[in-house]
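# Observations on the three-dimensional arrangement
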Amino acid sequence: MRITVLAGGIGGARFTRGLLHHLRASAGTAATEVTVVGNTGDDIRVFGLQVCPDLDSLMYTLGGGISEERGWGREDETFVVKEELAAYGVQPTWFGLGDRDTATHLVRTQMLAAGYPLSAVTAALCARWEPGVELLPMTDERVETHVVVDGDEPGTHRALHFQEWWIRHRAALPAREFVLVGVDDARPGPGVLEAIRDADVVLLPPSNPVVSIGTILQVPGVREAVASTAAPVVGVSPIVGGAPVRGMADACLAAIGVATTAEAVARHYGARRPVVGEPDSGLLDGWLVHDGADADAVAPLEALGIAARAVPLLMTDLEATAAMAAAALDLASVVRR
Ligand code: FO1
């Protein structure tokens, strides 16, 4: 069996770790291959280094090097280079450049400079980390999410890199718009469309639906591939009880006029096989919502044509996350028929 996951950073990485745990523990699915299409809109060139936050969170989380506390960067990390750069007055001082993490950025930057595409760089880095999945950048072209916020003068606005908005401003500056710079010239990375088309199941983990999964879907051809794949497409709500489980997806959803609820996010992705009269070209066959808090979203989503199940969605530990992944695969087998 082949499972393809479209993932951002921390939430997507933790979910995928649970998925692998479930597959290894279940007889008959141990031979399943998992491909992860990773978001690269968060990427930033900083201090001359090319940093790929979501690819690195996926690689470190699945490869065993992640800082569990932060969800990004390395465990046992130090920030001496960051301190020294600040001592030189070098900007940006808000970016948390870890010393161990810097080795990853150096390898990536020199391979890119030598002409290797990001997909080859990612494969080379994964040779060390052995994440247990095929990790594919959504595109080899350089794209960046920039955030349009109000300018200093009334009536003006300015754009800043997503990382500055996310790290320095904690997403507190109201975002008017997200712009994926470079997306018009971006093509799906090697293997991306095939991974979606040839999958037995496509999963949308509880990553940020706007700036992570939404970004992957903006790469020309990807949304169409998800909408038309023969595989069942099942998503997991990143919103529980009206709030993001982690991160600041609510600030992102507000920017695109989507309510911060499990139901609204599913409607945003849309039903792939809507009931008559509902807008089509959606992506979802199935959607998991958190039991208790969001169980009331099941009926309206079923009425829309999205099969919904209410299950525990808090990734409190590996077993809980594995159970979520199992529930997503169960729902995929139901909607497949
Ligand atoms: N997140 C922070 O909140 N503060 C940081 O200083 C920070 C540094 C950083 C460095 C490398 C990296 O791969 C990720 C880093 N992140 C940091 C996380 C990152 O901003 C977010 O995880 C993703 O971009 C959002 O999906």
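The coordinates are above.
Residues numbered from 1 in each chain as written. Predicted model: local features only at pLDDT ≥ 70, side-chain atom pairs only at ≥ 80, totals over all residues. Heavy atoms only, no water.

## Notes on the packing of helix α2 (residues 53-63) against helix α5 (residues 118-129)
Contact pair α2 / α5: the axes reach a minimum separation of 10 Å and the direction vectors enclose 20 degrees. Here α2 lies roughly parallel to α5, going by the angle between them. Relative to α5, the crossing made by α2 is right-handed. Residue-level contacts link Leu-55, Met-59, Tyr-60 and Gly-63 of α2 to Leu-118, Thr-122, Leu-125, Cys-126 and Trp-129 of α5. Taken together, the residues of the contact of α2 with α5 break down into seven nonpolar, two polar and no charged. (Axes fitted to C-alpha atoms, helices over the stretch in contact; angles between N-to-C directions. Helix = DSSP H or I, 4+ residues; strand = E, 2+ residues; numbered from the N terminus. Parallel < 35°, antiparallel > 145°, perpendicular 65-115°, else oblique. Left-handed = near helix turned anticlockwise from the far one by under 90°. Contact = heavy atoms within 4.5 Å. Nonpolar A, V, L, I, M, F, W, Y, C, P; charged D, E, K, R; others polar.)

## A look at the pairing of strand β8 (residues 177-181)
Of the two faces of β8, the one holding Phe-178 and Leu-180 is buried and the one holding Glu-177, Val-179 and Val-181 is not buried anywhere. When strand β6 (residues 144-150) meets β8, the two strands line up antiparallel, connected through five bridges. For His-146, the partnering residue across the bridge sits in β8 and is Val-179. (Buried < 20%, exposed > 50% of the residue type's maximum accessible area, 1.4 Å probe, protein only. Pairing = 2+ DSSP bridges.)

## Comments concerning helix α11 (residues 262-269)
The set of residues buried in α11 consists of Ala-262, Ala-264, Val-265, Ala-266 and Tyr-269. Where the residues of α11 are buried, they touch β9 (201-204), α8 (213-218), β11 (239-240), α10 (249-255), β13 (286-290) and α12 (298-304).

## Some thoughts on the nonpolar core
Counting 56 residues, the largest nonpolar core has Leu-6, Trp-165, Phe-178, Val-222, Tyr-269, Trp-287 and Leu-301 as the members making the most contacts within it. Listed in part, the 42 residues of the second largest apolar core include Leu-135, Val-311, Met-324 and Leu-331. (Core = buried A, V, L, I, M, F, W, Y, C linked by side-chain atoms within 4.5 Å.)

## Some remarks on the packing of aromatic side chains
Scanning the entire structure with this criterion turns up seven aromatic pairs. Here Trp-94 and Phe-95 contribute two aromatic rings whose centre-to-centre distance is 6.1 Å and whose plane-to-plane angle is 75 degrees, an arrangement assigned as edge-to-face. With respect to class, Trp-94 is no different from Phe-95; both count as buried. In this structure an aromatic cluster arises from ring pairing among Phe-162, Trp-165, Trp-166 and Phe-178. Over the ring of Tyr-60 we find Arg-74, and its NZ or CZ is 5.6 Å from the ring centre. (Phe/Tyr/Trp six-rings, centres within 6.5 Å; stacked < 30°, edge-to-face > 60°. Lys NZ or Arg CZ within 6 Å of the ring centre and 35° of its normal.)

## Regarding the site of the ligand
Taken together, 14 residues are adjacent to the ligand, and Asp-42, Asp-54, Gly-96, Gln-163 and Arg-170 come closest. Here an oxygen atom of the ligand and a backbone polar atom of Gly-96 are 2.9 Å apart. Gln-163 is positioned such that a nitrogen or oxygen atom in its side chain is 2.6 Å from an oxygen atom of the ligand. Calculation on the ligand without its partners gives an accessible area of 540 Å², and the protein chains cover 90% of this total. Of all the secondary-structure elements, those providing two or more residues to the shell around the ligand are α2 and α6 (162-168). Sort the elements by how many residues they give to the shell around the ligand and α6 lands first, with four residues. (Near = heavy atom within 4 Å. Polar contact = N/O pair within 3.5 Å; in protein donor to acceptor, adjacent residues only side chain to side chain. Areas by Shrake-Rupley, 256 points an atom, 1.4 Å probe, with all protein chains shown as cover.)

## Remarks on the pattern of salt bridges
All told, the structure shown has 12 salt bridges when counted by the stated rule. A salt bridge links Asp-56 to Arg-108, with the nearest nitrogen and oxygen atoms 2.4 Å apart. Taken together, the residues span a long stretch of sequence, with Asp-56 in helix α2 and Arg-108 in helix α4 (residues 99-113) at a distance of 52 residues. Among the residues examined, Asp-56 registers a relative accessible area of 5% and is labelled buried. Two residues, Glu-302 and Arg-309, come together in a salt bridge whose shortest N-O distance is 3.4 Å. The exposure class of Arg-309 is partly exposed, given its relative accessible area of 33%. One connected set of salt bridges, linked through shared partners, spans Arg-14, Arg-17 and Glu-68. (Salt bridge = Lys/Arg side-chain N within 4 Å of Asp/Glu carboxyl O.)

## Re the environment of Ala-249
By the secondary structure assignment, Ala-249 is in helix α10. Relative accessible area serves as the criterion here: at 4%, Ala-249 is assigned to the buried category. Excluding residues within four positions of it along the chain, Ala-249 makes contact with Asn-208, Pro-209, Ile-239 and Pro-244.

Geometry only, nothing functional implied.
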